[in-house]
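Residues per chain are reported as follows:
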Amino acid sequence: MTVSTLHQTPLQEKVIKLKEEKNAVILAHFYQEPEIQEVADFIGDSLELARKAAETTADIILFAGVHFMAETAKILNPSKKVLLPDLQAGCSLADSCPPEAFRELKRQYSNHVVVTYINCSAEIKTLSDIVCTSSNAEKIINSIPEDQPIIFAPDKNLGKYLIEKTGRKMLLWDGACIVHEAFSLDKLLELYKQHPTAQIIAHPESESHILKVANYIGSTSGMLNYVKSSEHDTFIVATEAGILHQMQKDVPHKTLIPAPAKEDNTCACSECAFMKMNTLQKLYNCLEKENPEINLPPEMMEKALVPIQRMLSLS
Ligand code: 13P
Ligand code: SF4
């Protein structure tokens, strides 16, 4: 999705000018702050951003997202400069899967094919046979011969959803997204009672009791497309609140209600603290100084590229 550059603030104008001078491209995830989304050349879900990173001709990729996404962009472009405004912008899923423990699991189940969700570190990708994102995971699992046992890591919620969708038995890593695990089923059903004509839409990183009551399950882009094409006019949205910015722009006359979190009645708990570490000011500073930069050992990039390319050629 490309972005218009109308009505920018002075800082946004400075970012846009600088990126043009430096032949940089800004790739932003839907969970970024609206003011960052508005200066991006492209906003998308994890798969779309990986595709854009693979095809860019820019000299610099400024990644407005989290660390594993910028790493993926670097692996796809080892000779380009890849910048991330805040190196601390991690991910609970990536953090849940330390390479040593994962190596040990692989050793124990050496006849298993390893499918990893893109939300993992570059080192975990070097231990993977194929990578997937939330928008192509079902297709990737279905591409694997039926008698082939599978390890799926690191998201157990997405893994459980895939087991149900594909009927495949998979050994699941015990990781989860702290944002998508925060939704409260009781509060969601209470909200639904107040809006009985609403459609509940959910990201597959959510827990199975949330997915069970959802009318639509899909990636962030999948959810956007569903809301755009649906005849319904009210949606309860169970994913990170950043998506609401683009969604409301796409469907200005529809009503979008953030799904409630367990701990709080506001949508604050459905914000990813990692994604929100990036600010527009950090984005500008990073582009100006060309730092922080993502750097990875060349052998690691070579190995991690193989399962990413398998995914891209399958999806
Ligand atoms: P998608 O971008 O694939 O929808 O994944 C959402 C997410 O949690 C990214 O970290
Ligand atoms: Fe990771 Fe969840 Fe944040 Fe996405 S929303 S970056 S999966 S912690």
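Residues numbered from 1 in each chain as written. Chains lettered and ligands numbered in written order. Predicted model: local features only at pLDDT ≥ 70, side-chain atom pairs only at ≥ 80, totals over all residues. Heavy atoms only, no water.

**Quick notes on the layout of surface pockets**
Okay, so step 1: Space inside the largest pocket adds up to approximately 230 Å³.
Okay, so step 2: Lining the largest pocket are 18 residues, with Ser-134, Ser-135, Tyr-216, Gly-218 and Ser-219 positioned closest to its centre.
Okay, so step 3: Listed by contribution, the elements that provide at least two residues to the lining of the largest pocket are α3 (46–55), α8 (137–142), α9 (156–166), β10 (216–217) and α12 (220–229).
Okay, so step 4: Its residues assigned to classes, the lining of the largest pocket comprises seven nonpolar, seven polar and four charged. (1 Å grid on protein atoms, 1.4 Å probe; cavity = no way out; pocket = protein on both sides within 12 Å on 5 of 7 lines; lining within 4 Å. Points joined across faces, edges and corners; volume = space filled by probe spheres on them. Helix = DSSP H or I, 4+ residues; strand = E, 2+ residues; numbered from the N terminus. Nonpolar A, V, L, I, M, F, W, Y, C, P; charged D, E, K, R; others polar.)

**Points about empty space enclosed by the protein**
Okay, so step 1: Taken as a whole, this structure holds two cavities of 30 Å³ or more when the rule is applied.
Okay, so step 2: Of the pockets and cavities examined, the largest cavity occupies roughly 250 Å³.
Okay, so step 3: Around the largest cavity, the lining is made up of 28 residues, and of these Tyr-31, Met-69, Asn-119, Glu-205 and Met-275 lie nearest the centre.
Okay, so step 4: Elements that contribute at least two residues to the lining of the largest cavity include exactly α3 and α4 (67–76).

**Quick look at the sheet that holds strand β3 (residues 60–64)**
Okay, so step 1: In space, the four strands of this open sheet follow the order β2-β1-β3-β4, with parallel pairing throughout. The open sheet has two edge strands, β2 (42–44) and β4 (81–83), and neither has a second partner. Averaged over all pairs of adjacent strands, the angle between their axes in this sheet comes to 20°, without regard to strand direction.
Okay, so step 2: Pairing of β3 with β4 involves three bridges; the strand directions are parallel. Paired with Ile-61 across the bridge in β4 is Val-82.
Okay, so step 3: Across the sheet, α3 is in contact with β1 (24–29), β2 and β3; its angle to β2 comes to roughly 145°. (Pairing = 2+ DSSP bridges. Axes fitted to C-alpha atoms, helices over the stretch in contact; angles between N-to-C directions. Contact = heavy atoms within 4.5 Å.)

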